[in-house]
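Each chain, written out:
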Amino acid sequence: MTPGLPGSAAQAALRGARNRCPSCGQNALFLKFLKPVSRCRSCDQDWTHQQADDFPAYLAILLTGHILAPLIIALVNHTSLPVWGLMILIISFALAMMLAMLQPAKGAIIAIQWWLGMHGFEKPPRPEANPHPEAD
Ligand SMILES: [Zn+2]
């Protein structure tokens, strides 16, 4: 196995979500907010095959809705804020959460696409099962 390769899809996705190259974990995955680098400067992995499209936005909307729903219910039931105050608060939270989740969601999706060998990515080698687990 090539040194630096992730051991699982979850590890690759976590690297991508943290703006690290999913392959080596050394350099940034994104050049700009949602613009991935063409190639990693460390491992030379080509990231131009990624096709995350709208999926990061759908994922961010799904997560924001599920996280905000209980907060909205609590705000409505346990505060005496006027409707316009609630609207400003809820819309501000929703926009902040959406913006905060877009890049991590796109990084994780690119990493999963790479791990699965989708869209022209070459599937990375998988870690081999350790024949001597007691030796660790
Ligand atoms: Zn890399």
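Since the model is a prediction, treat every value here as computed from it, not as a measurement.

Undergrad: Help me understand the overall build of the protein chain in this model?
TA: When helices and strands are counted, the protein chain shows three helices and zero strands. Compactness check: the protein chain gives a C-alpha radius of gyration of 19 Å against a globular reference of 14 Å for 136 residues, more than 25% above the reference. Structurally, the protein chain occupies a C-alpha span of about 60 × 40 × 20 Å along its principal axes. Residues counted as buried form 24% of the 136 residues belonging to the protein chain. The contacts of the protein chain with a sequence gap of at least 6 include a subset with a gap of at least 24, amounting to 55%.

Undergrad: Sorry, what's going on with the packing of helix α1 (residues 9-17) against helix α3 (residues 83-116) here?
TA: Helices that pack against each other are described as a pair by the angle of their axes relative to one another and the distance between those axes. Where α1 contacts α3, the two axes come as close as 7 Å, and the packing angle between them is 145°. The element α1 and its partner α3 pack so that their crossing is right-handed. Seen from α1, the contacting residues are Ala 9, Ala 12, Ala 13, Arg 15, Gly 16 and Ala 17; seen from α3, they are Pro 104, Gly 107, Ala 108, Ile 110, Ala 111, Ile 112, Trp 114 and Trp 115. Looking at the contact of α1 with α3 residue by residue, the classes come out as eleven nonpolar, two polar and one charged.

Undergrad: Quick question: what am I supposed to make of the nonpolar core here?
TA: Most often, soluble globular proteins have nonpolar side chains that are buried together. If you look at the biggest cluster of nonpolar residues, it comprises 18 residues, and the most contacted ones within it are Ala 108, Ile 110, Ala 111 and Trp 114. Breaking this core down by element, the ones donating at least two residues are α1 and α3. It is α3 that contributes the most residues to this core, eight residues altogether. Setting aside its immediate chain neighbours within four residues, Ala 111 contacts Ala 12, Ala 13, Arg 15, Gly 16 and Pro 22.

Undergrad: Quick question: what am I supposed to make of the environment of Met 98 here?
TA: Mapped onto the secondary structure, Met 98 falls in helix α3. A sequence separation of 35 residues divides Met 98 from Leu 63, and the C-alpha atoms of the two residues are 8.6 Å apart. For Met 98, the residues in contact, after removing those within four places along its chain, are Ala 60, Ile 61 and Thr 64.

Undergrad: I keep staring at the packing of helix α2 (residues 55-78) against α3 and nothing clicks. Help me out?
TA: At a closest axis distance of 8 Å, the pairing of α2 and α3 adopts a crossing angle of 150°. Crossing angle aside, the handedness with which α2 passes α3 is right-handed. Among the residues making up the contact of α2 with α3, the classes are represented as 23 nonpolar, one polar and one charged.

Undergrad: I keep staring at unusual backbone geometry and nothing clicks. Help me out?
TA: With glycine set apart, most residues show a phi of negative sign, and most peptide bonds adopt trans. In this model, Asn 19 sits at a positive phi of 60°, which is unusual for a non-glycine residue. Mapped onto the secondary structure, Asn 19 falls in the loop between α1 and α2.

Rules of the game
Residues numbered from 1 in each chain as written. Predicted model: local features only at pLDDT ≥ 70, side-chain atom pairs only at ≥ 80, totals over all residues. Helix = DSSP H or I, 4+ residues; strand = E, 2+ residues; numbered from the N terminus. Rg over C-alpha atoms; globule rule 2.2 N^0.38 Å. Buried ≥ 20, exposed ≤ 12 C-beta atoms within 10 Å, placed from the backbone. Contact = placed C-beta atoms within 7 Å. Axes fitted to C-alpha atoms, helices over the stretch in contact; angles between N-to-C directions. Left-handed = near helix turned anticlockwise from the far one by under 90°. Nonpolar A, V, L, I, M, F, W, Y, C, P; charged D, E, K, R; others polar. Core = buried A, V, L, I, M, F, W, Y, C linked by C-beta atoms within 7 Å.

Distances and angles like these do not, on their own, reveal function.
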